[in-house]
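Descriptive structure summary
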Amino acid sequence: MSDRSGRQNVIAGNWKMHKDHLAAARLASEVRAACAGSAATVVVAPPFTALAAVAAELQGSEVALAAQNVSAHGEGAHTGEVAASMLLAHGVRWVIVGHSERRQLYGETDADVAPKVQAALAAGLLPILCVGETLAERDAGRAEQVVADQLRGCCSELTARQSATMCVAYEPVWAIGTGRTATPDDAGAMHRSIRAWWSEQYGPESAEGVPLLYGGSVKPENAAALLSDADIDGALVGGASLDVQDFAAIVSTVG
Ligand code: 13P
């Protein structure tokens, strides 16, 4: 489950707002069968309403369950929110935080994401923190600065110990759902910049261990090239994770 660097290779499927609990259970069962014995850590993130059904389907398998969001708060008067402890009780192990769709469509800021990271870690969940620049920011030559600012805004409160249980997903906004993928060179360069930031903040050992995933139009056709970069440790897959054959093909590129 780890590459030559000793880092975990993680292939995570973000199902976004697709699949009711019945369809999600069917897909989970297919993923379980198709990804058995994989060299990667395989994670699926169905909608909240499907977590229970998918957890039941995945029981005893190596496929791990993730949620797509978490409340920054513990149980209480927060209509429409879901606490980390509730996710944990469902068998959720990972949680996506700060996805660009939450930032762009629901106005989440780094200041909103930072306490979610803390709430997830406090409950024992493994956060997959999403960062990434817009096309305008890339064109203005600001991509690395934007991502570093997001890391600082979401992670600067972490202890060194917490930093060792994080996972970061670089998802350039312009590559999500567009069919446009970052080149392996561009994605790799950004991953090296993220790892350098991590090293400066938490030291080289933590930086060597943190899995850095790439997300944005990952498909079976481009996964191998992306994952061949030594600093790209896995993928956060949207659209292609809804098709078991495509998802399994991406998983199989880790070996
Ligand atoms: P796509 O793979 O559909 O571009 O989505 C990427 C993503 O947002 C994963 O979180």
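Going by the structure above, here's the rest.
Conventions used here
- Residues numbered from 1 in each chain as written.
- Predicted model: local features only at pLDDT ≥ 70, side-chain atom pairs only at ≥ 80, totals over all residues.
- Heavy atoms only, no water.
- Helix = DSSP H or I, 4+ residues; strand = E, 2+ residues; numbered from the N terminus.
- Rg over C-alpha atoms; globule rule 2.2 N^0.38 Å.
- Buried < 20%, exposed > 50% of the residue type's maximum accessible area, 1.4 Å probe, protein only.
- Contact = heavy atoms within 4.5 Å.
- Near = heavy atom within 4 Å.
- Polar contact = N/O pair within 3.5 Å; in protein donor to acceptor, adjacent residues only side chain to side chain.
- Areas by Shrake-Rupley, 256 points an atom, 1.4 Å probe, with all protein chains shown as cover.
- Nonpolar A, V, L, I, M, F, W, Y, C, P; charged D, E, K, R; others polar.
- 1 Å grid on protein atoms, 1.4 Å probe; cavity = no way out; pocket = protein on both sides within 12 Å on 5 of 7 lines; lining within 4 Å.
- Points joined across faces, edges and corners; volume = space filled by probe spheres on them.
- Pairing = 2+ DSSP bridges.
- Axes fitted to C-alpha atoms, helices over the stretch in contact; angles between N-to-C directions.

Attention shifts here to the overall build of the chain. Scanning the chain from terminus to terminus reveals 12 helices and eight strands. Computed over C-alpha atoms, the radius of gyration of the chain comes to 17 Å, within 12% of the 18 Å expected from 2.2 N^0.38 for 255 residues, which places it in the range of a compact globule. Here the chain holds 255 residues, and 53% of them are scored as buried. In the chain, of all internal contacts separated by at least 6 residues, the share reaching a separation of at least 24 is 72%.

A few words on the site of the ligand. Around the ligand, the structure places N14, K16, H99, E171, A175, I176, G177, G216, S217, L236, G238 and G239. Here N14 contributes a side-chain N or O atom positioned 3.0 Å from an oxygen atom of the ligand. One nitrogen or oxygen atom from the side chain of K16 is found 2.8 Å from an oxygen atom belonging to the ligand. With the chains in place, 96% of the 300 Å² that the ligand exposes on its own is no longer accessible. Residue composition of the shell around the ligand, grouped by class: three nonpolar, seven polar and two charged.

Before going further, it helps to examine the layout of surface pockets. Of the volumes computed, that of the largest pocket is approximately 480 Å³. Along the wall of the largest pocket there are 15 residues; nearest its centre are K16, M17, Q68, R102 and Y106. With four residues, helix α4 (residues 100-106) is the single largest residue contributor to the lining of the largest pocket. Of the residues that constitute the lining of the largest pocket, the class distribution is seven nonpolar, five polar and three charged.

Taken together, the eight strands give a closed barrel; going around it, the order is β1-β2-β3-β4-β5-β6-β7-β8, and neighbouring strands pair in parallel fashion. The average undirected angle you get between the axes of adjacent strands in this sheet is 25°. For strand β7 (residues 212-215) and strand β8 (residues 234-237), the ladder comprises three bridges, and the chain directions are parallel. Residue pairing in the sheet places G215 in a bridge with L236 of β8.

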